[in-house]
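# Fold and contact review
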Amino acid sequence: MTVTQQAPALGARGSAPAHQASLIVRGTDRVGIVAAVGSLLSSHGANIVSLDQYSDPATGAFFQRTIFSLDGLRAALPGIRAELAERLAKDFDLDFTLRDLSVPKRVAVFASRSDHCLLDLLWRHRRGELPVSVAMVISNHPDTADEVRGFGVPFFHVPSTGPDKSAAEAEHLRLIEDNVDFVVLARYMQILSGDFIERVGVPIINIHHSFLPAFIGAGPYAKAKERGVKLIGATAHYVTEDLDEGPIIEQDVVRVTHADTAADLRRRGADVERAVLSRAVLWHAEDRVVRHGNHTIVFT
């Protein structure tokens, strides 16, 4: 393992305003949940900035995302959290997460030689478009070290060759343990083991170079050209042990024609990949995505 490191990356300039928090509530729908949450927050002097909810008519599952503001938020959060735990768990049997939005989520970005998604995320972060703190970039190739260094982000080269990836994954775990809140695979061309996915302990977001489930595997754009497709796309999803079958966060497509070459498809596909991955990272960073089984509720 080799490392190229500068000062720790700062959070994006576009981070949420101070004194704002997100509250995600999930459980079984019943009368009075929204009123109870609103009343509790109001009793603490909080102002609800936005509220989105969804109740699944088939299963009765309930999801709610509330953004609220409160002066002196950091000092008030423990009391709000304790009261939410008491009231929501006792009266409604609901789970919740509560987070200070002024503290950006820390992300580790994994990449290989292909740099379009990696550099796009770093560029958007520098412009303040992604409210995250980029803790590090980890790559199995050293090719992007200079570009990453230019963004002031720590770069770690961890080779991963041969069928046994255990040594590389052990180093990955050492680097990210207690240092990140989620991981992004920005065209990281290695398959993660089930053991790593279980032990990493944080969500992992992947970008897949097709509109799943089409054209899984190597050379997707060549396969698409051979099939004469008229739409190509990209899918961002959470990683599970089932390869490329995790809960989908975002998808998009672009129209192509018979005149486009395989190279044209790759170029246009890269554009879609960048856009889809950046939206998925943004929505995850803003607590807009709630996992439910093998699908997601996305409050955009």
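First things first, this report covers the structure right here in the doc. (Residues numbered from 1 in each chain as written. Predicted model: local features only at pLDDT ≥ 70, side-chain atom pairs only at ≥ 80, totals over all residues. Heavy atoms only, no water.)

## Observations concerning a negative patch on the surface
The grouping of Glu198, Glu241, Asp242 and Glu245 at the surface amounts to a negative patch. Structurally, aspartate 242 is set in the loop between strand S11 (231–238) and strand S12 (248–255). (Patch = residues over 30% accessible without salt bridge, like charges linked within 9 Å, V, L, I, M, F, W, Y side chains within 5 Å. Areas by Shrake-Rupley, 256 points an atom, 1.4 Å probe, with all protein chains shown as cover. Salt bridge = Lys/Arg side-chain N within 4 Å of Asp/Glu carboxyl O. Lys, Arg positive; Asp, Glu negative; His and termini not counted. Charge placed at Lys NZ, Arg CZ, Asp CG, Glu CD. Helix = DSSP H or I, 4+ residues; strand = E, 2+ residues; numbered from the N terminus.)

## Points about the packing of helix H1 (residues 33–43) against helix H2 (residues 73–92)
A pair of packed helices can be characterised by two numbers: the angle between their axes and the separation between those axes. Remark: H1 packs on H2, axes separated minimally by 11 Å, with the N-to-C direction vectors making an angle of 160 degrees. Classified by the interaxial angle, the pair formed by H1 and H2 is roughly antiparallel. Where H1 crosses over H2, the handedness of that crossing is right-handed. Within the contact between the two elements, H1 uses Ile33, Ala36, Val37, Ser39, Leu40, Leu41 and Ser43 and H2 uses Ile80, Glu83, Leu84, Arg87, Leu88 and Phe92. In terms of residue class, the contact of H1 with H2 is made up of 9 nonpolar, 2 polar and 2 charged. (Axes fitted to C-alpha atoms, helices over the stretch in contact; angles between N-to-C directions. Parallel < 35°, antiparallel > 145°, perpendicular 65-115°, else oblique. Left-handed = near helix turned anticlockwise from the far one by under 90°. Contact = heavy atoms within 4.5 Å. Nonpolar A, V, L, I, M, F, W, Y, C, P; charged D, E, K, R; others polar.)

## Looking at helix H7 (residues 220–227)
All of the buried residues along H7 are Pro220, Tyr221 and Ala224. What you see down the axis of H7 is that its buried residues fit within an arc of 95 degrees, all on one side. Packed against the buried residues of H7 are S11 and helix H8 (262–285). (Buried < 20%, exposed > 50% of the residue type's maximum accessible area, 1.4 Å probe, protein only. Arc of directions from axis to C-beta.)

## A closer look at the pattern of salt bridges
Applying the stated criterion across every chain yields a total of 19 salt bridges. Here glutamate 273 makes a salt bridge to arginine 187, at a shortest N to O gap of 3.0 Å. A residue pair is termed long-range when its members are at least 10 positions apart, and glutamate 273 in helix H8 and arginine 187 in the loop between strand S9 (182–185) and helix H6 (194–200) qualify at 86 residues. Residue arginine 187 is classed as buried on the basis of its relative accessible area, which comes to 12%. Each of Asp120, Arg124, Arg127 and Glu129 takes part in salt bridges that share partners, so that together they form one network.

## Examining the packing of aromatic side chains
Enumeration over the complete set of coordinates arrives at 2 aromatic pairs. Ring centres of tyrosine 54 and phenylalanine 63 lie 6.5 Å apart, and the angle between their planes is 15 degrees; on these two criteria the pair is classed as stacked. By relative accessible area, which is 2% here, phenylalanine 63 ends up buried. Ring geometry for phenylalanine 110 against tyrosine 188: centres 5.3 Å apart, planes inclined by 85 degrees, an arrangement best described as edge-to-face. Residue phenylalanine 110 is found in strand S6 (residues 105–111), and its partner tyrosine 188 is found in the loop between S9 and H6; the two are separated by 78 residues along the sequence. (Phe/Tyr/Trp six-rings, centres within 6.5 Å; stacked < 30°, edge-to-face > 60°.)

## Examining the side chain of aspartate 287
Tracing the backbone through its elements, the reader meets aspartate 287 in the loop between H8 and strand S13 (289–292). Excluding residues that lie within four positions of it along the chain, aspartate 287 makes contacts with Ser22, Ile24, Arg65, Arg99, Leu101 and Lys105.

## Points about the sheet that holds strand S5 (residues 95–100)
What the 4 strands build is an open sheet, ordered S3-S4-S2-S5; its pairing is antiparallel. In the strand order of this sheet, the two ends are held by strand S3 (47–55) and S5, each with one partner. Recorded for the sheet is a direction-independent mean angle of 10 degrees between the axes of neighbouring strands. Note: strand S2 (residues 20–28) against S5, 6 bridges, orientation antiparallel. When the sheet's bridge partners are listed, alanine 21 is paired in S5 with aspartate 100. (Pairing = 2+ DSSP bridges.)

## Some details on the environment of arginine 26
Positionally, arginine 26 belongs in strand S2. By relative accessible area, arginine 26 is classed as partly exposed at 28%. Placed 105 residues apart in sequence, arginine 26 and proline 131 show a C-alpha to C-alpha distance of 24 Å. For arginine 26, the contacting residues outside a window of four places in its chain are Phe62, Phe63, Leu94, Asp95, Val290, Arg291 and His292. Within polar-contact distance, the side chain of arginine 26 engages the backbone oxygen of arginine 291 at 2.5 Å. (Polar contact = N/O pair within 3.5 Å; in protein donor to acceptor, adjacent residues only side chain to side chain.)

## Focus on a nonpolar patch on the surface
Together, Val34, Ile48 and Leu51 line one region of the surface with nonpolar side chains, adding up to about 180 Å² of accessible area. By the secondary structure assignment, isoleucine 48 is in strand S3.

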